[in-house]
Amino acid sequence: MNNASPFHNISPSDDLVTVTFDGIEYILPDGANLAASLLEAGLRYFRNTPVSGAPRGPFCMMGACYDCLVEIDGETRQACMTEVTSGLKIERAHRDKGLEND
Amino acid sequence: MTEVDLVIVGAGPAGMSAAVTAAEIGLSVLLLDEQPAAGGQIYRNVAKADETRGDILGKDYTYGLELVTAMRSASITHVTDATVWKIGEDGTVAYSVNGKASLVQGRKVILATGALERPVPIPGWTLPGVMTAGAAQILLKQSGLVAERAVICGSGPLIYLIAQQMIRAGKPPLAIIETQTKSDLLNAMRHLPHALRGWRYLMKGAKLLSEIKRAGVMRVTGAENLEIEGDTEVRAIAFTHRGQTTRIQCNLVLLHQGVVPNTQATRSLRLEHAWSSAQRCFHPITNEWGLSSLETVYVAGDGAGIGGAKAAEQAGAISALHVAFALGFITKADRDKRAAPILRLQSAELALRPFLDRAYPPSDQVLKPADDTVICRCEEVTAGDIRAYARLGCTGPNQAKAFGRSGMGPCQGRYCGLTVTELLSQETGTTPDAVGSYHIRPPLKPITLGELATLEQTLTDETKGLI
Ligand code: FES
C-alpha cells in the first residue's frame, strides 16, 4: 500500500490522539473527521465490498455513498460521519472478503 | 413526544434561512441536521474554519458565517449529529443522535436536504482515490485537506472553483479534463441574453478561468472515453480527445457531472415528482412557496431543483413565510409583502441556470455507460446487467432491484437511481417519468434495533405519564 498521503493539510492540528486501524497505530487529530484523518494518514482503502471483495474508500464525504464503512467495536459505521476520539479501534469493513494487497 | 410548529430537516442555506425566518415570526422551530455544525455542504464547518481556509475558499464560502450567526441569535432548537430516518405524512419525524432515537411532531415540515453529486459511472470510478469533486471541497472545508497530484474531470462550473482553490492552496490540479463540448456552449448561447441578469456569476466564472490559465493548468474540453486505471487504487486516468488518447498518472481523480436533488426523503413520503429534461433528474413537484403535493410538507432549496446556495437561502425564507401564514402567525397580506422582495432576488439568482444547464450537460458516457461499467456501487451491478433485465421484460427500477439487487445496498440507490432510470428509459423507449424511480422506504439510513428499542421505551414512558 502506498502510504504517502495524497493530501496536504493547510492547517494541521496539534491536539493529537492515538487510534488503531487494523491493529496499526495512527496518530490523528482529536475530534477531526475520521475519514479525512485516515486519508491524510495515507490510508486509501477502508473496506471491501461484500460482493466481489473489491477495495473501496471514501467517495462522497457526506454520508451518502457508504464506501467509507469501517468497523468500530464490532459496529459498522461511516467513517465520514464519525469523529476521531482517543483509542478508537478501527477495522476494515468486510475485510474477510479482501484481496491480499496490503 | 415533543411538538413544535415547524420541523426543518437540513441545516444548509435553505434550512438555516427557513429556521431564522420562522423563529423571528414566533414559530417554535426544531432544526435537525446530520453534521456536527450548521452550514450544509456548501458552508460546511464555516463557523470553525480558520483564516487560511477562509482565504482559500473565498467570500462565497465565508458568507455562510452570516447565516450561521443569524441562526444562533434566533430561538431555534438545532439538533446536530441527527440522522433523520423516518418522516410521516402527518409531520412526525423520527431521528437518532448517537444511537438514541427520538420522535418529534411538527405541524409543518420543511425538507431542506439539498443535493447529491450526479452519479458518474465510468470505468474505474469505484477505485479508492476516486472521489466526487464535492468530496474534495468537503475535505478542504471540514479538515483543511487539499488533494495533491489530482486530476479533476467532468462538467460543470464547480470544477473551476475547486481548481482555483487548489491553485490558491499551492497544489494545482495536474489537469482539468472536461466533457462538455463546443456545441454545448453554442446551444447555451441562446440563453445568454437572459443569463446576463446573472452577470456577477458570469464574471466570476471568467475570473476563475483566467486564474486557471495563468497557473498553467492543462485544460481539455470535449474529452471522451474517460477511463480510470489502477488495481487497488487510482494510478492514472486516460481519455480521448479528437481521436487521440492521453494518459495522466495521478494520485486522485475528482469527478463531477453536476449536482441533482437528493430525493430520498421526498420519495419516502411518496410526494409527486417530475423529470426535468433540462437538468436530467427528478425533482419533487412544488408550488412557488415550496409546498409539495402533501399539505404538511414543503421542500426548499436544491432538494426541490438545483438553483445554488443563494437561491436555496431565498427558497427557505419563502417556504417559512408560507408556513407562518398557514399556521395563522401572519396574514396573507403580510406574507406577500415580505415575500415579494425575496422572490424578485430569487428570479435574478436563477437567471443563469438555463445557460449553465445547457453549457455543462452530463456527458453521454455517464448517461449511457458501457455494458461492463459498474453502475450500482454497492451491489456491483453493471450497465450491461440493467440492459439485460430490460430485454427480459424489466420496465422499472423497482423491478430491476428484484432482478439483480441494484439499489438494495446501503446507499439505497442514491448513486445509481438516476442511471437505472436513464438506462431503462433508453432500452424500453419510454420517458424517464414513465420509467419512474426506486421506491424509498424508511429507514432512510440504516438504524439498529437498539435505536428502535430506545424509541419505544421513551414513547411508552410518555404514554404512561399521560395516564
Ligand atoms: S464517503 Fe460516502 S458515506 Fe462516507
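What counts as what
- Residues numbered from 1 in each chain as written.
- Chains lettered and ligands numbered in written order.
- Predicted model: local features only at pLDDT ≥ 70, side-chain atom pairs only at ≥ 80, totals over all residues.
- Heavy atoms only, no water.
- Buried < 20%, exposed > 50% of the residue type's maximum accessible area, 1.4 Å probe, protein only.
- Helix = DSSP H or I, 4+ residues; strand = E, 2+ residues; numbered from the N terminus.
- Domains from an automatic or database assignment.
- Contact = heavy atoms within 4.5 Å.
- Buried area = accessible area lost by both parts, 1.4 Å probe.
- Salt bridge = Lys/Arg side-chain N within 4 Å of Asp/Glu carboxyl O.
- Axes fitted to C-alpha atoms, helices over the stretch in contact; angles between N-to-C directions.
- Left-handed = near helix turned anticlockwise from the far one by under 90°.
- Nonpolar A, V, L, I, M, F, W, Y, C, P; charged D, E, K, R; others polar.
- Patch = residues over 30% accessible without salt bridge, like charges linked within 9 Å, V, L, I, M, F, W, Y side chains within 5 Å.
- Areas by Shrake-Rupley, 256 points an atom, 1.4 Å probe, with all protein chains shown as cover.
- Polar contact = N/O pair within 3.5 Å; in protein donor to acceptor, adjacent residues only side chain to side chain.
- Pairing = 2+ DSSP bridges.
- UniProt positions renumbered as here; feature names shortened; annotations may be inferred.
- Lys, Arg positive; Asp, Glu negative; His and termini not counted.
- Charge placed at Lys NZ, Arg CZ, Asp CG, Glu CD.

In the nomenclature of an unreviewed UniProt entry, chain B is known as FAD-dependent oxidoreductase of Pseudohalocynthiibacter aestuariivivens.

Taking an unreviewed UniProt entry as the reference, chain A is identified by name as (2Fe-2S)-binding protein belonging to Pseudohalocynthiibacter aestuariivivens.

### Topic: helix α6 (residues 158–168) of chain B
Of all eleven residues in α6 of chain B, nine are buried, a share of seventy percent or more. Buried within α6 of chain B are the following residues: Ile 159, Tyr 160, Leu 161, Ile 162, Ala 163, Gln 164, Gln 165, Met 166 and Ile 167 of chain B.

### Let's talk about the domain arrangement of chain B
All names here are of chain B. Domains assigned within chain B are domain 1 (2–116 + 260–330), domain 2 (119–257 + 355–359) and domain 3 (368–435). Placing the centre of domain 1 and that of domain 3 at their C-alpha centroids yields a distance of 30 Å. The interface of domain 1 with domain 3 comprises nine residues on the first partner and nine residues on the second. Where domain 1 abuts domain 3, roughly 810 Å² becomes buried across the two surfaces, and 60% of that area is made up of carbon and sulfur atoms. Put simply, domain 1 and domain 3 have one salt bridge between them. A salt bridge links Glu 422 to Arg 280, with the nearest nitrogen and oxygen atoms 2.8 Å apart. Of all the secondary structure elements, the ones that give two or more residues to the side of domain 1 that touches domain 3 are β18 (273–276) and β19 (281–284).

### Observations concerning unusual backbone geometry
Residues and elements named next belong to chain B. Cis geometry marks the peptide bond from Pro 442 to Pro 443; its omega dihedral reads 0 degrees. Summarising the element assignment, Pro 443 is placed in the loop between α18 (432–435) and α19 (449–466). At Arg 270, a position not held by glycine, the phi torsion is positive, near 55 degrees. Considering the arrangement of structural elements, one finds Arg 270 in the loop between α10 (264–268) and β18. Phi at Arg 280 is positive, roughly 45 degrees, even though this residue is not glycine. Taking relative accessible area as the criterion, Arg 280 reaches 31% and is therefore assigned partly exposed.

### A short note on the packing of helix α1 (residues 13–25) of chain B against helix α4 (residues 64–73) of chain B
Residue and element names in this part refer to chain B. Closest axis-to-axis distance for the α1/α4 pair is 9 Å, and the angle between their directions is 35 degrees. Note that α1 runs across α4; the crossing there is left-handed. Contacts between α1 and α4 involve Pro 13, Met 16 and Val 20 from the former and Leu 67, Val 68, Ala 70 and Met 71 from the latter. By residue class, the composition of the contact of α1 with α4 is seven nonpolar, no polar and no charged.

### Some remarks on a nonpolar patch on the surface
On the surface, a cluster of nonpolar side chains totalling about 290 Å² of accessible area is made up of Leu 185, Leu 186 and Met 189 of chain B. Along the chain, Met 189 of chain B falls in helix α7 (residues 182–189).

### Comments concerning the interface of chain B and chain A
A common way to report how large an interface is uses the accessible area buried once the components associate. Each partner contributes residues to the interface: chain B has 46 residues there, and chain A has 35 residues. A buried area of about 3,600 Å², summed over both sides, lies between chain B and chain A, and 58% of it is on carbon and sulfur atoms. At the boundary of chain B with chain A, the tally comes to three salt bridges. There are 14 residue pairs in polar contact (both at pLDDT 80 or more) connecting chain B and chain A. Contributing elements (two or more residues each) for the side of chain B that touches chain A: α2 (51–57), β7 (115–117), β8 (130–132), α5 (133–143) and β9 (145–147) of chain B. Of the residues belonging to the side of chain B that touches chain A, the class tally is 22 nonpolar, eleven polar and 13 charged. In the sheet, strand β1 (residues 7–9) of chain A pairs with β9 of chain B via three bridges, with the strands oriented antiparallel. For Asn 9 of chain A, the partnering residue across the bridge sits in β9 of chain B and is Leu 145 of chain B.

### Things to note about the UniProt feature "domain: FAD/NAD(P)-binding" (unreviewed entry) in chain B
Under the UniProt annotation, the feature "domain: FAD/NAD(P)-binding" (unreviewed entry) is placed at residues 5–316 of chain B. Measuring from the first to the last C-alpha atom of residues 5–316 of chain B gives 16 Å, for a span that is 31% helix and 30% strand.

### Observations regarding the side chain of Thr 82 of chain A
Residue and element names in this part refer to chain A. The residue Thr 82 is located in the loop between β7 (75–78) and β8 (89–92) in this model. Note on Thr 82: relative accessible area 5%, which makes it buried. Excluding its chain neighbours within four sequence positions, the residues that come into contact with Thr 82 are Ala 32, Asn 33, Leu 34, Ile 72 and Arg 77.

### Regarding the sheet that holds β8 of chain A
Residues and elements named next belong to chain A. Strand order across the open sheet formed by five strands is β3-β2-β8-β6-β7, with mixed pairing between neighbours. Two strands bound the open sheet, and with one partner strand each, they are β3 (24–29) and β7. Going from strand to strand, the sheet's axes swing by 40 degrees on average, the running direction of each strand aside. Across two bridges, the pairing between strand β2 (residues 16–21) and β8 is parallel. When the sheet's bridge partners are listed, Phe 21 is paired in β8 with Ile 90.

### Thoughts on the side chain of Arg 414 of chain B
All names here are of chain B. For Arg 414, the location among the structural elements is in the loop between α16 (397–404) and α17 (417–428). Glu 34 provides the closest opposite charge to the buried, salt-bridge-free Arg 414, at an N-O distance of 6.3 Å. Polar contacts involving the side chain of Arg 414 include one to the side chain of Gln 412, which spans 3.3 Å. Polar contacts involving the side chain of Arg 414 include one to the main-chain carbonyl oxygen of Leu 444, which spans 3.1 Å.

### Digging into the UniProt feature "domain: SoxA A3" (unreviewed entry) in chain B
On the UniProt side, "domain: SoxA A3" (unreviewed entry) is annotated at positions that read residues 376–453 of chain B here. Annotation note: span residues 376–453 of chain B, helix share 49%, strand share 4%, distance between end C-alpha atoms 32 Å.

### Thoughts on a negative patch on the surface
Together, Asp 14, Asp 15, Asp 30 and Glu 83 of chain A together with Asp 81 of chain B give the surface a local cluster of negative charge. Following the sequence through the fold, Asp 81 of chain B ends up in the loop between β3 (77–79) and β4 (82–87). Take Asp 81 of chain B: its relative accessible area is 32%, and that puts it in the partly exposed class.

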